[in-house]
Amino acid sequence: MSDTAARLLRILGRLQVRPAWTATELAERLGVSTRTVRTDIERLRSLDYPVDAVRGPAGRYRLGAGAKLPPLLLDDEEAVAVTIGLRAATGVSGIEESSARALAKLEQVLPNHLRAKVTAMHETVSKAPENTGSNVADPEVGADLLAAIATAIHDRHWLRFDERGEPRVVEPYRLVNWQRRWYLVARHAETGDWNAHRVDWMSLRMPTRRPFAPRPLAGEDYSSFVLRTVAFAGWTVHTRITVLAPAAEVLSRINATVGVVEPVDDDTCVLVTGGDSVEVIAVYIGMLGIDFRVEEPAELVEHLRVLGARYARSVA
């Protein structure tokens, strides 16, 4: 590789890891004059790489948006991390083919010593199932759907969608990924009510292109809001369970994200919780180790009867 070509790649590499560089800073890193740097910048521009000049006291260069993707220059650790990440990526449907193409391109150009590391990781590491606590398959969300929602959040445009057949128009604020599921935290455009919408239950309608004036959630802790909200509306099956124990005792036995505990009196409380199947709920409430009563939903009540009879027969 010629000295000039190598230097151009080094300039691109530096522009990719820091927002802006002065000609003097680049010259010092490359061991050349500022005049050579300016000449190299013009060479990059002639090759259609978008190097912008940022005006200021010293003047700076930065990599802008262009018509094509410039070479992505990675160091050894970055290349290995990206390759392993592409192999392990899960939870978003619709990107399998593009991920495979990106992985093939990256592995093709990896130096031998890096390819050996990646191959060793691939051949010696096994990935166990992530979902071991449910008999319901994890939902997959298309990359296009996530991108469309993220764009509406970024552009501060009202978002219009159907949620299980119900039309919604909301002010979107944040996407949150929790327990292998995606949630959109949004404010109802008319009522002002906040909610966490499961993205796999959403079907987007035509973009509104209608901007809104942001009114963020108090404290802007969107992740905690999702954890609090899911117990009420984020599951396929919901239930209110009367637990024959003080609220403090129940709270000491569950994770705060499992449900909401409402005191009734000194010896009784109500646990508001849910899951993606009655089987999952039955397992978790059984793990409380406390007596309880369930009146709804009917399918959960029936499942508990079946379980009770089954457990009784097991020790007969």
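Here goes a summary of the coordinates provided. Every residue gets a number counted from 1 within its own chain, in the order that chain's sequence is written. The model is predicted, so local features are restricted to residues of pLDDT at least 70 and side-chain atom pairs to those at 80 or more, both for listing and for counting; the totals for chains, interfaces and linings are taken over all residues. Remark: hydrogens and water are excluded; side-chain values derive from all non-hydrogen atoms of the structure.

Glancing now at the overall build of the chain. Here a strand is any run of E in DSSP of at least two residues, a helix any run of H or I of at least four, and the numbering for each starts at the N terminus. If you tally the helices and strands in the chain, you get eleven helices and 13 strands. Across the chain, every contact between residues at least 6 apart in sequence was considered, and the portion connecting residues at least 24 apart equals 58%. When the accessible surface of the chain is totalled, it reaches about 19100 Å², and 52% of it is carbon and sulfur. By definition in these notes, contact holds between two residues if any of their heavy atoms fall within 4.5 Å. Residue burial considers only the protein chains on display, and all accessible areas are found by Shrake-Rupley using a 1.4 Å probe.

To continue, consider the packing of helix α2 (residues 23-30) against helix α3 (residues 34-46). For helices, the fitted axis covers only the stretch in contact; all axes are lines through C-alpha atoms, and the angles between them, taken along N-to-C directions, range from 0 to 180 degrees. Contact geometry of α2 with α3 gives a least axis separation of 8 Å together with a crossing angle of 100 degrees. Taken as axis vectors, α2 and α3 run roughly perpendicular relative to one another. Every residue of α3 that contacts α2 at A23, T24, L26 and A27 is listed here: T34, V37 and R38. In this classification, Asp, Glu, Lys and Arg are treated as charged, Ala, Val, Leu, Ile, Met, Phe, Trp, Tyr, Cys and Pro as nonpolar, and every other residue, Gly included, as polar. Across the contact of α2 with α3, the residue classes break down as four nonpolar, two polar and one charged. Any angle from 65 to 115 degrees is called roughly perpendicular, while one under 35 is roughly parallel, one over 145 is roughly antiparallel, and all others are oblique.

Here we take up the nonpolar core. Counting residues in hydrophobic clusters, the biggest one holds 18 residues, and the most contacted among them are V243, V250, V261 and L271. At the level of secondary structure, the elements contributing two or more residues to this core comprise β10 (237-243), α9 (247-253), β12 (268-275), α10 (278-286) and α11 (298-314). For V250, the residues in contact, after removing those within four places along its chain, are V243, A245, V261, C269, L288 and I290. Grouping buried Ala, Val, Leu, Ile, Met, Phe, Trp, Tyr and Cys residues that are joined through side-chain atoms within 4.5 Å yields what is termed a nonpolar core. Each residue gets one of three labels from its accessible area relative to the maximum for its type: buried under 20%, exposed over 50%, partly exposed in between, using a 1.4 Å probe on protein chains only.

What follows deals with the pattern of salt bridges. Criterion for a salt bridge: a side-chain nitrogen of Lys or Arg within 4 Å of a carboxyl oxygen of Asp or Glu. This model, assessed by the stated rule, comprises 15 salt bridges. For E171, the salt bridge goes to R187, with nearest N and O atoms at 3.7 Å. With E171 in strand β6 (residues 166-178) and R187 in strand β7 (residues 181-188), this residue pair connects regions lying 16 residues apart in the sequence. Accessibility expressed as a relative area gives 2% for E171, which makes it buried. Exposure remark for R187: the relative accessible area of 13% places this residue in the buried category.

Attention now goes to the packing of aromatic side chains. Planes of paired rings set the category: under 30 degrees apart is stacked, over 60 is edge-to-face and the rest tilted, where pairs are Phe, Tyr or Trp rings (Trp by its six-membered ring) whose centres lie within 6.5 Å. Enumeration according to the criterion identifies five aromatic pairs in this entry. For the pair Y173 and W194, a centre-to-centre distance of 4.9 Å together with 50 degrees between the ring planes defines the contact as tilted. Remark: W194 occurs in strand β8 (residues 194-198) and Y173 occurs in strand β6; sequence separation between them is 21 residues. Its relative accessible area of 9% is what places Y173 among the buried residues. Stacked on the ring of W201, the Lys or Arg R164 has its end atom at 3.6 Å from the ring centre. Any Lys NZ or Arg CZ that is within 6 Å of a ring centre and within 35 degrees of that ring's normal is treated as a charge sitting over the ring.

Within the secondary structure, D200 is located in the loop between β8 and β9 (202-204). We classify D200 as partly exposed; its relative accessible area is 26%. With 37 residues separating them along the chain, D200 and E163 place their C-alpha atoms 9.0 Å apart. In protein, a polar contact means a hydrogen-donor-capable atom and an acceptor-capable atom, both N or O and within 3.5 Å, with residues adjacent in sequence counting only if both atoms are side-chain atoms; elsewhere, any N or O pair within 3.5 Å suffices. Of note is the side chain of D200, whose polar atom sits 2.8 Å from the side chain of R198.

Attention shifts here to the pairing of strand β5 (residues 159-163). Consecutive side chains of a regular strand alternate in pointing toward one face of the sheet and then the other. Here β5 shows one buried face, formed by L159, F161 and E163, and one open face, formed by R160 and D162. The pairing criterion for strands is at least two bridges between them, as found by DSSP. Across five bridges, β5 lies against β6 in antiparallel orientation. By the bridge assignment, L159 is partnered in β6 with V170. Between β5 and β6, which pair antiparallel in sequence order, lie two residues; one of them, R164, sits at a positive phi of approximately 55 degrees. For β5 and β9, the ladder comprises three bridges, and the chain directions are antiparallel. Bridge pairing in β9 links F161 to L204.

Before going further, it helps to spend a moment on the sheet that holds β6. If you walk across this open sheet you meet the five strands as β8-β7-β6-β5-β9, and the pairing is antiparallel. A strand with exactly one partner marks an edge of an open sheet, and here the two such strands are β8 and β9. On average, adjacent strands in this sheet sit at an angle of 55 degrees to one another, irrespective of strand direction. Of the strands in this sheet, β5, β6, β7 and β9 touch helix α7 (residues 143-155), which is tilted by about 100 degrees from β6.

Take a nonpolar patch on the surface next. A cluster of nonpolar side chains, V283, Y284 and M287, forms an exposed patch at the surface whose accessible area comes to about 340 Å². Counting through the fold element by element, M287 comes out in the loop between α10 and β13 (292-294). You can call M287 exposed: its relative accessible area is 61%. A patch is a set of surface residues, each over 30% in relative accessible area and not in a salt bridge, joined within 9 Å for like charges and within 5 Å for the nonpolar side chains Val, Leu, Ile, Met, Phe, Trp and Tyr.

Take unusual backbone geometry next. Residues E296 and P297 are joined by a peptide bond in cis, for which omega reads 0 degrees. The residue P297 is located in the loop between β13 and α11 in this model. For R164, which is not glycine, the phi torsion reads 55 degrees and is therefore positive. Inspection of the secondary structure assignment puts R164 in the loop between β5 and β6. The residue R209 is not glycine, and still its phi comes out positive at about 60 degrees.

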